[in-house]
Amino acid sequence: MSSGYRVAHNSGELGDMGDGVSDADWDQGAQSAGGVSRRAQLIVFGAAALVILAAAVWGLSSVFGGRGPNLASQAAAPSSAPAPTSPTPSPSPSPAFVDPAQAADVAIDFLRAWEANDYEAMQALAADQTDDVAGAYSGMAERLAITDVVVTPGTLDPVTSVLPYDVTVTLDGAGPASWSSAVTVTPQARVAWSAATVYPGLLPGQWLDRVPVPSRGDIVDRSGASVSADPDLTANLIGDVGPDGVGTSGLQRAYEDVLAGPPGTALAVTNPVTAEVITTIEQWPGAPVAPLVTTLDLRVQRAATAALAGAAGRAALVAVDTGSGDVLAIANNPVEGLPAALAGEYPPGSTFKIVTASAALRAGFAPGSAVDCPASLSAGGRTFSNASSVVPGPTTLAGAFAVSCNTAFIEVGRQVGTPALLAAGESFGFGFGPPLPVASVSGSVPEPDSDVVAAADAIGQGTVTASPLHMASVAAAVANGAWVQPHVVACGECDSRSISGAAGLRDMMRQVVTAGSGRAVAGVRGGPVHGKTGSAQVAGGGAHAWFVGWQGSVAFAVFVEFGGSGAESAAPLAAAFLTELAVG
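Quick caveat, the model's predicted, so the values are computed rather than measured.

As for the layout of surface pockets
In step 1: Looking at the largest pocket, its volume works out to about 680 Å³.
In step 2: Taken together, 30 residues line the largest pocket, and the ones lying closest to its centre are N386, A387, N406, S535 and Q537.
In step 3: When residues of the lining of the largest pocket are traced back to their parent elements, those giving at least two are β13 (382-385), α18 (451-458), β19 (529-537) and α21 (566-583).

Written out as structure tokens, the structure reads:
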């Protein structure tokens, strides 16, 4: 019997006692001395074992901070009951972790309160009551004009007590925006709130806000293709748009009223102090705005850009439709710096002989009129001479024009007089003012104050200046018979002025290509070319090179800063342009 008791006692399992005592033992115990049966003794010993076992269980429970058989669940939850051995209740120590089920309930309650706009309930669940949780969510709701919040909780991580969630908020007048973040629960079963609880990665000093999204029309060429990808056009014509969505330069500023539409809105992470947009979460564009259609032709633009790639130094090329004055291409090389094509003011050199010839034809000269081309000529005490390639001697107006004889045209200018020359310049648009709604210049022919200046003006030196844009319009005027104000956006009332002697000028400009200084373009594809070379002396030394003309309906002006001879520097670039245009 004693062996059976020890087994039961050592095992801690009372049921094993029955296996250690036989029926004979029970009978023998009933007849033992003192009148106490063995069965009674066993009952006493069993009761004692039960007391010992209960004490052991209670002791283990106390170690884990709870009471009762469910030790795991009691260890995960804080106990407010006083210690059973102490008459005075004392707080139990904080547990190291929170029960996952309880943590999930706390996180979900927090998120459901957000859905219900119950910001006070959210505040009550915050671990740190100095955090203005209620103010953060109520302020966001008002600031964003939130009309609905739908939260989808994920599954709590039992190790970290972090519950991920997806949220969709609906902004009044905009639409839904969605993101994912997480709620962290502390061991005290409270929400460890931070800015990142609202939106992942949100830092102190940042918040979610609605910011306007400018709604703006595109700027396109005549076929509807966007011109924004062309760096030259963007830098020197299209212009920029400021951070507020308002055009600050170029066509963007000039046509602000046309390009700007009703703004859209965006939901973004911002710095409320600096108004910096850090991250855009969602955006809703405003109403579509019709594009601004320009006269540009990207096919012609590409040809102009390709041609100028071979220029040595600063160069510009402008192409204009001969009949309408539509600007087809504006190219600069380099793109940066002064936009020479539109805003450069340069002496046009011998290309201005087109204007002088027009004045002569109006005064009674004909292309075949006899003129002299001496090797040199004195005017106002200054001696003028010709390029070394010009053979001196008698010739015709057309002949002098073809080889660009300076001395002949100085004399022609003296014969027709300054008023006639000024009038011819005006008919070709000189003095018109800025032709485009962006930084641009036309040409200028001031009244000369001396015989020297008058002589120089007749050959495009002196005080005469023009931009490549304007000289392209001068070539177009000869082809058309009238000067039309160049423009990049269709104008209902573009200025137009008749010129004198257009038919004769066309013959003379064709002769420049076939028998004069413009032979570099004589054999290009695409049809016959009409043109005029120019070399403009610059104070301090050197000369700018020019070539202007047209082929078909495309008039052009090529300018090379300090390029020297127009025949050797500018005309080959014109040939490259027309070749690119023919094959492109």
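Notes on the nonpolar core
In step 1: Core analysis: the biggest nonpolar cluster contains 79 residues, and L237, F428 and F430 have the highest contact counts within it.
In step 2: Ranked by the residues each element gives to this core, the list is headed by helix α19 (residues 468-480), at 8 residues.
In step 3: Counting 44 residues, the second largest nonpolar core, distinct from the first, contains M122, L144, V183 and Y199.

Details of the environment of G393
In step 1: Inspection of the secondary structure puts G393 in strand β14 (residues 393-396).
In step 2: Remark: the alpha-carbon pair of G393 and D372, spanning 21 residues in sequence, is separated by 5.9 Å.
In step 3: In contact with G393, other than residues within four places in its own chain, are D372 and C373.

Re the packing of α19 against helix α20 (residues 502-515)
In step 1: As a packed pair, α19 and α20 sit with axes 8 Å apart at the nearest point and diverge in direction by 115°. Comparing the axis directions of α19 and α20 gives the class roughly perpendicular. In this structure, α19 contributes V478, A479 and N480 to the contact, and α20 contributes A502, L505, R506 and M509.
In step 2: Of the residues assigned to the contact of α19 with α20, the class counts are 5 nonpolar, 1 polar and 1 charged.

Definitions and cut-offs
- Residues numbered from 1 in each chain as written.
- Predicted model: local features only at pLDDT ≥ 70, side-chain atom pairs only at ≥ 80, totals over all residues.
- Heavy atoms only, no water.
- 1 Å grid on protein atoms, 1.4 Å probe; cavity = no way out; pocket = protein on both sides within 12 Å on 5 of 7 lines; lining within 4 Å.
- Points joined across faces, edges and corners; volume = space filled by probe spheres on them.
- Helix = DSSP H or I, 4+ residues; strand = E, 2+ residues; numbered from the N terminus.
- Core = buried A, V, L, I, M, F, W, Y, C linked by side-chain atoms within 4.5 Å.
- Buried < 20%, exposed > 50% of the residue type's maximum accessible area, 1.4 Å probe, protein only.
- Contact = heavy atoms within 4.5 Å.
- Axes fitted to C-alpha atoms, helices over the stretch in contact; angles between N-to-C directions.
- Parallel < 35°, antiparallel > 145°, perpendicular 65-115°, else oblique.
- Nonpolar A, V, L, I, M, F, W, Y, C, P; charged D, E, K, R; others polar.

Nothing here speaks to function; it is geometry throughout.
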